[in-house]
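# What the coordinates show
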Amino acid sequence: MAKTGMYVGLDIGTTSVKVVVSEYVENQMNIIGVGNAKSEGINRGIIVDIEKTVQAIQRAVRQAEEKAGIQIRSVSVGVPANLLEVENCQGMIAVNNDSKEITDEDVRNVASAALVRSVPPERQIVTILPQEFTVDGFEGIKDPRGMIGVRLEMFGLVFTGPKTIIHNIRKCVEKAGLTINEMVITPLALTETILSDGEKDFGTIVIDIGGGQTTTAVMHDKQLKFTHVNQEGGEYVTKDISTVLNTSFNNAEALKINYGDAYPERTSASEEFPVDVIGKSEPVKVDERYLAEIIEARMEQIFGKSKEVLDEIDALSLPGGVVLTGGAASLPGVVDLAQEIFETNVKLYVPNHMGLRNPVFTNVISIVDYSANLNEVYQLAKSAVTGEKVAPQARQEAAVSQEIHYEDTSVEEEEYHDEPEQPAGESVKDRVKDFFSNIFD
């Protein structure tokens, strides 16, 4: 259950950086501020220019602060699935308390024991996720604190990623003047947040089609079992349109949004629209069917690569089917094309929050919702990775500071309004009422 308080999520994407400020009241998520700034310095989901990325983060944060009327000090930031590895881990210790009652320190120690492993120098442990504990042979325990025992075991998952990626994310956030509350594995947050309990348990595939890459994740038995990243996304569709029609990237993006469809069978060869072609003084007429065929070719390639890796682990036999999300997933015809390629049930996930009903916001909403619902046992286990000794309940107290007001509320990037502007003086609360054979055993 999410704690009451303020939580801030940050998603550093290829095409845009998004920030969401959310207030939780009685486990109800209320989004009170949103920031969305065009990404610069990011290529295929990877930070390639720290300074430009810092500036994009600052613009997005500024927008969110203005709308929420607060000052953001810390965030939960998403970590992409690029070269992410998920491994099972197990640790066991003897309870060292004289009374044999299991304490917070015992949970930290058993997590540390589970982390005793060889990690290549170019990789880094991102986090550890406890699955269950065993006390003197009694299994299936979620929180062993307060119990009496002699031997404590923990079974969990360890997530590791490239040290360069983790360092660059942390560096950019800190240079933007923020601290990191949580580094959230984005596909883990997605699968945990947007899937129902049944979909998590019986098995479901989530495909996140972003601007610069497509992430495929498999959730089964309520665990993230597999991730794969294809370095193609919505921007590649736009580039294809630009190249084939010999028009500018901006024109191609507008054509995709206004006339695009990924399923040519739904379009008409007689419906035409003008296209500004480089080197020609007059616009050239292009029909809907031709544009759709350009889009279909790239989307078929993207889905085809996901299908190849999913077939290798027999994931498409899972009853939950495929859930599509991400900005490029909102393109008309994408669900129909995916259904045809994957030959299983496919649906589109769209956030239902006011003003954010667009799959482009799924990641950042999932990041903030996932971090808000992390329990104290997770925080104790994570402290074995970070070395922090901060009490779990204090982790969000400094996320935001007092309400602030700006004289100039104009922003350069496109804004997304989730609530009408309210009169000054009201409080914040008042303003919102495995490639492995037995992967699925």
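The following refers to the structure shown.

Here is what the cut-offs are and how they apply
- Residue numbers run consecutively from 1 along every chain, following the written order of its sequence.
- Only residues with pLDDT of at least 70 are given local features in this predicted model, and only at 80 or more are side-chain atom pairs given and counted; all residues enter the totals for whole chains, interfaces and linings.
- Hydrogens are left out, water is left out, and the side-chain values use all remaining heavy atoms of the structure.
- Any Phe, Tyr or Trp ring, taking Trp's six-membered ring, that has another such ring centre within 6.5 Å forms a pair; planes under 30 degrees apart are called stacked, those over 60 apart edge-to-face, and the others tilted.
- The helix and strand labels rest on DSSP assignments: H or I over at least four residues marks a helix, E over at least two residues marks a strand, and numbering proceeds from the N terminus.
- The buried label goes to any residue with under 20% of its type's maximum accessible area, the exposed label to any with over 50%, and the partly exposed label to all in between, with areas taken from a 1.4 Å probe on protein chains only.
- Counted as over-ring charges are cases with an Arg CZ or a Lys NZ within 6 Å of the ring centre that also lie within 35 degrees of the ring normal.
- Strand pairing is assigned whenever DSSP identifies at least 2 bridges connecting the two strands.
- For helices, the axis comes from a line fit to the C-alpha atoms of the stretch in contact; other axes are also lines fit to C-alpha atoms, and the angle between any two N-to-C directions lies between 0 and 180 degrees.
- Contact criterion: two residues are considered in contact whenever any of their non-hydrogen atoms come within 4.5 Å of each other.
- For this analysis, a polar contact is any N or O atom pair within 3.5 Å, provided that within protein one partner can donate a hydrogen and the other can accept it, and provided that sequence-adjacent residues contribute only side-chain to side-chain pairs.
- Counted as salt bridges are all cases of a side-chain nitrogen of Lys or Arg within 4 Å of a carboxyl oxygen of Asp or Glu.

Before going further, it helps to examine the packing of aromatic side chains. All chains considered together, the criterion is met by three aromatic pairs. With centroids separated by 5.4 Å and ring planes inclined at 85 degrees, the aromatic side chains of Tyr 7 and Tyr 24 adopt a geometry described as edge-to-face. Within this pair, whereas Tyr 7 is found in strand S1 (residues 5–12), its partner Tyr 24 is found in strand S2 (residues 16–25), the two being separated by 17 residues in sequence. Accessibility classification places Tyr 7 together with Tyr 24 in one group, the buried group. Each ring, one from Phe 303 and one from Phe 342, has its centre 5.5 Å from the other, and the planes form 65 degrees; the classification is edge-to-face. You can see Phe 303 sitting in helix H8 (residues 288–312) and its partner Phe 342 sitting in helix H9 (residues 334–342), a full 39 residues away along the chain. For the pair Phe 303 and Phe 342, one class covers both residues: buried. Sitting over the ring of Tyr 236, Lys 239 keeps its end group 4.9 Å from the ring centre.

Next up on the list: the sheet that holds strand S19 (residues 346–348). Two modes of strand pairing occur in sheets, parallel and antiparallel, and in both the strands are linked by backbone hydrogen bonds. In space, the five strands of this open sheet follow the order S15-S14-S13-S18-S19, with mixed pairing throughout. Each edge of the open sheet carries a strand with a single partner, namely strand S15 (223–230) and S19. When strand polarity is set aside, the average angle formed by the axes of neighbouring strands in this sheet is 20 degrees. Looking at chain direction, strand S18 (residues 322–325) and S19 are connected through three bridges and run parallel. Within S19, the position partnered with Leu 324 by the bridge is Leu 348. Lying on the sheet, helix H4 (residues 186–194) is in contact with strand S13 (204–209), strand S14 (214–220), S15 and S18; it crosses S14 at an angle near 55 degrees. Across the face of the sheet, H8 comes into contact with S13, S14, S15 and S18 while running at roughly 35 degrees to S14.

Bringing the side chain of Thr 53 into the picture now. Structurally, the position occupied by Thr 53 is in helix H1 (residues 50–68). Residue Thr 53 is classed as buried on the basis of its relative accessible area of 0%. For Thr 53, the side chain forms a polar contact with the main-chain oxygen of Asp 49, separated by 2.8 Å. If near-sequence neighbours (up to four positions away) are discounted, Thr 53 is found in contact with Ile 12, Glu 40, Gly 41, Ile 42, Ile 47 and Cys 172.

This structure, assessed with the given rule, holds 20 salt bridges. For Lys 200, the salt bridge identified is with Glu 192, shortest N-O distance 3.5 Å. Looking at Lys 200, the relative accessible area reads 11%, which means it is buried. Of the residues examined, Glu 192 reaches a relative accessible area of 25% and is grouped as partly exposed. One salt-bridge network, in which partners are shared between bridges, spans Asp 104, Asp 143, Arg 145 and Glu 376.

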